[in-house]
Amino acid sequence: SRVVLVGPPGAGKGTQAEAISARLGVPHISTGDIFRRNVGEGTDLGLRAKSYMDSGALVPNELTNEMVRRRLGEDDADGFLLDGFPRNREQAEFLDDTLRSSGRTVDVVLELQVPAEEIVRRLNGRRVCGTCGRSWHVEFNATRAKGICNACAGPLHQRDDDREDAIRRRLQLYEQQTAPMLAHYQEKDRLARVDASGPVDAVGERVAAALGARP
Ligand code: AP5
Ligand code: ZN
């Protein structure tokens, strides 16, 4: 299956993605993770993306689309879970065109919905593993040892864009560009909205139910 995961910053896309991709047997492709890896490795793409990311802006469509096109060309035998892409109308049209050229389509777009005040609490307490990239939370999704990743024992830190000004900008861009894009999928009856507030496990169950209900 070909699934797109959408939601405001801090909605829990990365947190839920692991279980979804395992369940569906498809690779998890997060544009944010790919950009952060490139920034960390100091690649040309990373250098070009960094300033946009740090301020909470979107990386320009040309850069992002080209990166996704290459990634989807690599392995899509059985589908994908795209996390954080598309994020605006132009990216959605690009994805449609790219898939259509090889007879493919997006099966379902899952939108994780979370109230604004819960988002701010999640982002303020988020800690990210410098080694494997997994996200934890000081209060809600805590690690057993302080400052250490549960999965790989790597060191935890705060993301450069989890500052108040960048958070505000990311929320604003979601409302201005990403939320309106969803109409594109709703018209084709591909949109499934999921209440993503509350504990991680409860959200996971709602996500599984929404996916199970789709053909
Ligand atoms: P990206 O990495 O995609 O950031 P984002 O969309 O802002 O989403 P986040 O990663 O902040 O949140 P998430 O939904 O994954 O939440 P998480 O699971 O961590 O993109 C970063 C940047 O890259 C963009 O700003 C842009 O510059 C660039 N970019 C990426 N894609 C692009 C594109 N298509 N076009 C252009 N530019 C692009 O959860 C958050 C916290 O809450 C964690 O601490 C977690 O432990 C906790 N938590 C999760 N679920 C729960 C729960 N149910 N209850 C309590 N706590 C929870
Ligand atoms: Zn780790």
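Since the model is a prediction, treat every value here as computed from it, not as a measurement. (Residues numbered from 1 in each chain as written. Chains lettered and ligands numbered in written order. Predicted model: local features only at pLDDT ≥ 70, side-chain atom pairs only at ≥ 80, totals over all residues. Heavy atoms only, no water.)

Novice: Looking at this structure, how should I read the coordination of the zinc ion (ligand 2)?
Specialist: Ideal geometry at a metal centre: 109.5 degrees between donors when four sit tetrahedrally, and 90 or 180 degrees when six sit octahedrally. Listed as protein donors to the zinc ion (ligand 2) are C129 (SG), C132 (SG), C149 (SG) and C152 (SG); their distances from the metal cover 2.3 to 2.4 Å. Taken together, the four donor atoms surrounding the zinc ion (ligand 2) define angles of 97 to 117 degrees at the centre, an arrangement classified as tetrahedral. Between consecutive donors of the zinc ion (ligand 2), the numbers of intervening residues give the motif C-x2-C-x16-C-x2-C. With a relative accessible area of 3%, C129 lands in the buried category. (Donors = N, O, S within 2.8 Å, 3.2 Å for Na, K, Ca; no water. Tetrahedral: all angles 85-135°; square planar, octahedral: opposite > 155°, others 65-115°. Buried < 20%, exposed > 50% of the residue type's maximum accessible area, 1.4 Å probe, protein only.)

Novice: Help me understand the site of ligand 1, please; the structure alone is not making it clear to me.
Specialist: What surrounds ligand 1 is a group of 36 residues, the closest being T15, A57, R87, R126 and G198. One of the backbone N or O atoms of G84 is found 2.9 Å from a nitrogen atom in ligand 1. A distance of 2.7 Å is found between an oxygen atom of ligand 1 and a side-chain nitrogen or oxygen belonging to R126. For ligand 1, the accessible surface in isolation is 1000 Å², of which the surrounding protein chains cover 97%. Elements supplying a minimum of two residues to the shell around ligand 1: α1 (13-24), α2 (31-41), α6 (116-124), β6 (135-137) and α8 (200-212). Top element by residues in the shell around ligand 1 is α2. It accounts for four residues. Split into classes, the residues belonging to the shell around ligand 1 amount to 15 nonpolar, 13 polar and eight charged. (Near = heavy atom within 4 Å. Polar contact = N/O pair within 3.5 Å; in protein donor to acceptor, adjacent residues only side chain to side chain. Areas by Shrake-Rupley, 256 points an atom, 1.4 Å probe, with all protein chains shown as cover. Helix = DSSP H or I, 4+ residues; strand = E, 2+ residues; numbered from the N terminus. Nonpolar A, V, L, I, M, F, W, Y, C, P; charged D, E, K, R; others polar.)

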